[in-house]
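# Breakdown of the fold
Read off the chains here:
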2 protein chains.
Amino acid sequence: MTKSKAIHNSPAVPPPALPAAAKPAFDRRNMVLRISTALVFAVFFLSLLYWGGGTTSGNLVYFVLMALSIFAGVRELTLLGAKMGFNPSLYAGVAAAWLMLMHFFFASRVVMGERTLDPDTLPLWLALFFGALFIHFGALFFDSRRDQALPSQAITWLGALYMGLGLGFQQRLFMIGSSTVTKTGSRLILALYVITWLGDTGAYFIGSLFGRHKLAPKVSPKKSWEGLAGNYLGNLLGAWLMKVTVCPDWSPVDVVALALLLGTVGQLGDLVESTWKRSAGVKDSNVGMGIPGHGGMLDRVDSLIFAAPALFAYVHYVHGLG
Amino acid sequence: MTKSKAIHNSPAVPPPALPAAAKPAFDRRNMVLRISTALVFAVFFLSLLYWGGGTTSGNLVYFVLMALSIFAGVRELTLLGAKMGFNPSLYAGVAAAWLMLMHFFFASRVVMGERTLDPDTLPLWLALFFGALFIHFGALFFDSRRDQALPSQAITWLGALYMGLGLGFQQRLFMIGSSTVTKTGSRLILALYVITWLGDTGAYFIGSLFGRHKLAPKVSPKKSWEGLAGNYLGNLLGAWLMKVTVCPDWSPVDVVALALLLGTVGQLGDLVESTWKRSAGVKDSNVGMGIPGHGGMLDRVDSLIFAAPALFAYVHYVHGLG
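Predicted model, so just to flag it, every value in this text is computed and none were measured.

For the pair chain A and chain B, the best superposition has an RMSD of 0.1 Å and corresponds to a rotation of 180° with a translation of 0.0 Å parallel to the axis. Within this description, the copies of the chain are treated as partners about a two-fold rotation axis. Nearest to the rotation axis, the C-alpha of Ala-154 of chain A is located 2.4 Å from it, this being the minimum over chain A. Of the interface residues in chain A, 100% have counterparts in chain B that sit at the interface too, so the contact is made through matching surfaces.

Right, here's the structure in full:
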């Protein structure tokens, strides 16, 4: 065994005699950190879906999770905008996005003790109107760089809509109830993540192994047609896995339709976020603080942002849920 | 009669003896054009309110009027963005804004012959989701200048929301029905315009005559505290005029509350549009074609954009309408 090799091995291997280069050691620490963070989050998230689905405490914990993620995502979009020389407002953007999240929370027919709250407690039009007051009137009083007023306020809106609607639809999906199947919302959220992430995984492996024909060299130079096929294969596998485990009520048509639908909007959503980062000249949306070992929030949610409303629209109009 | 003058005069007026400078002659022609256009529009608009209120044809004509105004406004915001070096999409912005307008149309419980359409025919979340697909996915395929992807897509959203929501709420107000008072929607639209425009007029005259103390020199150098007071006086006069004529059901509290509410959001909305124009380096939102003699669409609607949702929210929550 060569000394330089030992660094990458498991702890059972004897320590190297020679001083190691910093780079590989950091990579290993990064991988450990990445896997630990993912494991902790996965265990917590699956517990939330399994025990929290359909409960008031579960709904509230999901709400806090979405609210924190919205904060992180709007912050990253604000930093991207600042890097391009604009002055978007973190506070106004987060406030507007949280109002949208609250809309989706109340729209889910919240049960508080004995009574069911009016689903129209905070209509979407009112959330958007107050969001507009925060973003535009707030800029009149607090924006110190008015030479960029138009793009700055526009980017604040973009961040608010992207995170507020994207994660708001997750909240709405999680809180969907059904009279025949228990924990419908938890099943749908699991399906959203499994279909989307198996698609990402399929694209990565098939693309790395067989990728030869470039898909969109100007937008994302690494993407290939083989990766695209791998993505849809992953989506199909994910949707089929859902059908045979937690969503037995899905027909084969549902499996294929959801794989195609979520696969398409997920991949396009991934490309959209890539063009934003590229236009700001960064490779990692995490400009500063982020999830340990995982890069930025935007990089984590980009495929889910458009997939969540697409899944909600599908189950709403095809299955009559929500 | 000199040849050059004759062109601009009305036939009945005697010709001047001295040759006139070109400037006043041009101003006069502009004023004639301005007044003619305003008169034609006012006559048409008042007829629409008087005879069209509560009728299917009136609702549809109002819809077409809003749809055309949305096109003109989004176009001006797109041109402002282009002037700053960005590449917002006119088509995606107009499509997204028209979807929002359609939402407000259907949300008004449209009666078609024998049956009432489902007010949830096009929910706002679905209009926004399709808008997002047009704006973001459209840019992936058609945006030729991706170095500005983030601000360009953001400005497309801003234009869509500003015009789509702002004029969508007017459509919603116009179509409000009431079981006790006929043509409630027409009365509310008239109140919206009279309160807002008497405010603008009051600010102009009081500000021009007595304006000494600057209000917000950085945002709008011409505004004064005296003009602000004149604005609220105009708003109050407008609201009171509405109460004594077409809105006898308003209480004195309604008069004061609506004057303060519409006056405040109207003036701030006016300032917001000023900062956008200033940041783009233009004085007139009409970058090219516009309403004859009246400048740009944005300059016409800026105070109404925020006043319409404020008025809708007031009559919805205070009077239980809509």
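Structure shown, so let's carry the discussion forward.
All chains considered together, the criterion is met by 37 aromatic pairs over all chains. Ring plane angle 50° and centroid distance 4.7 Å describe the contact between Phe-104 of chain B and Phe-169 of chain B, whose orientation is recorded as tilted. Highlighted residues: Phe-104 of chain B in helix 4 (residues 90-107) and Phe-169 of chain B in helix 6 (residues 149-174), separated in sequence by 65 residues. The buried category is assigned to Phe-169 of chain B, whose relative accessible area is 2%. An aromatic cluster is defined as three or more aromatic residues linked by ring pairs; in this entry it consists of Phe-41, Phe-45, Tyr-62, Phe-174, Tyr-193 and Trp-197 of chain A. Its end group placed over the ring of Tyr-50 of chain A, Lys-183 of chain A keeps NZ or CZ at 5.2 Å from the ring centre.

As a further point, take the confidence of the model for chain A. All names here are of chain A. Looking at chain A as a whole, the pLDDT averages 88, with 89% of positions reaching at least 70. Taken together, the stretch residues 1-25 has pLDDT below 50 and engages in 16 contacts with residues farther than four places along the chain or on a different chain. Model confidence for the complex is summarised by a pTM of 0.89, with the ipTM given as 0.89.

In this complex, chain A contributes 48 residues to the contact, which on the side of chain B involves 48 residues. Inspection of the region where chain A meets chain B yields 0 salt bridges. One can count 4 residue pairs in polar contact (both at pLDDT 80 or more) joining chain A with chain B. Contributions of two or more residues to the side of chain A that touches chain B are made by helix 3 (56-83), helix 5 (124-142), helix 6 (149-174), helix 9 (252-280) and helix 10 (297-317) of chain A. Here the side of chain A that touches chain B is built from residues that sort into 37 nonpolar, 8 polar and 3 charged.

For the rest of this paragraph, the subject is the environment of Gly-320 of chain A. Secondary-structure assignment places Gly-320 of chain A in the segment after helix 10. With 132 residues separating them in the primary sequence, Gly-320 of chain A and Leu-188 of chain A have C-alpha atoms 14 Å apart.

Attention shifts here to the nonpolar core. Grouped together as the largest cluster of nonpolar side chains are 185 residues, with contacts concentrated most on Met-163 and Leu-173 of chain A together with Met-163 and Leu-173 of chain B. When neighbours within four sequence positions are excluded, Met-163 of chain B is seen to be in contact with Ser-69, Ile-70, Gly-73, Val-74, Gly-168, Met-297, Leu-298, Val-301 and Ile-305 of chain B.

Residues and elements named next belong to chain B. Taken together, the 2 bridges between strand 3 (residues 214-216) and strand 4 (residues 220-224) define a ladder with antiparallel strand orientation. Within strand 4, the residue paired with Ala-216 across the bridge is Ser-220. As consecutive antiparallel partners, strand 3 and strand 4 are separated by 3 residues.

Another point: the pattern of salt bridges. All names here are of chain A. Applying the stated criterion to the full structure yields 8 salt bridges over all chains. Its salt-bridge partner being Asp-270, residue Lys-223 comes within 3.2 Å of it at the nearest N-O pair. With Lys-223 in strand 4 (residues 220-224) and Asp-270 in helix 9, this residue pair connects regions lying 47 residues apart in the sequence. Between Asp-299 and Lys-277 there is a salt bridge whose closest N-O contact spans 2.7 Å. Taken together, the positions of Asp-299 in helix 10 and Lys-277 in helix 9 put the pair 22 residues apart, joining distant regions of the chain.

To continue, consider a nonpolar patch on the surface. On the surface, Leu-237, Trp-240, Leu-241 and Val-244 of chain A cluster together into a nonpolar patch covering about 370 Å² of accessible area. By secondary structure assignment, the location of Val-244 of chain A is in helix 8 (residues 225-244).

Calculation notes
- Residues numbered from 1 in each chain as written.
- Chains lettered and ligands numbered in written order.
- Predicted model: local features only at pLDDT ≥ 70, side-chain atom pairs only at ≥ 80, totals over all residues.
- Heavy atoms only, no water.
- Least-squares fit on C-alpha atoms with pLDDT ≥ 70 in both.
- Contact = heavy atoms within 4.5 Å.
- Phe/Tyr/Trp six-rings, centres within 6.5 Å; stacked < 30°, edge-to-face > 60°.
- Helix = DSSP H or I, 4+ residues; strand = E, 2+ residues; numbered from the N terminus.
- Buried < 20%, exposed > 50% of the residue type's maximum accessible area, 1.4 Å probe, protein only.
- Lys NZ or Arg CZ within 6 Å of the ring centre and 35° of its normal.
- pLDDT = per-residue confidence, 0-100.
- Salt bridge = Lys/Arg side-chain N within 4 Å of Asp/Glu carboxyl O.
- Polar contact = N/O pair within 3.5 Å; in protein donor to acceptor, adjacent residues only side chain to side chain.
- Nonpolar A, V, L, I, M, F, W, Y, C, P; charged D, E, K, R; others polar.
- Core = buried A, V, L, I, M, F, W, Y, C linked by side-chain atoms within 4.5 Å.
- Pairing = 2+ DSSP bridges.
- Patch = residues over 30% accessible without salt bridge, like charges linked within 9 Å, V, L, I, M, F, W, Y side chains within 5 Å.
- Areas by Shrake-Rupley, 256 points an atom, 1.4 Å probe, with all protein chains shown as cover.

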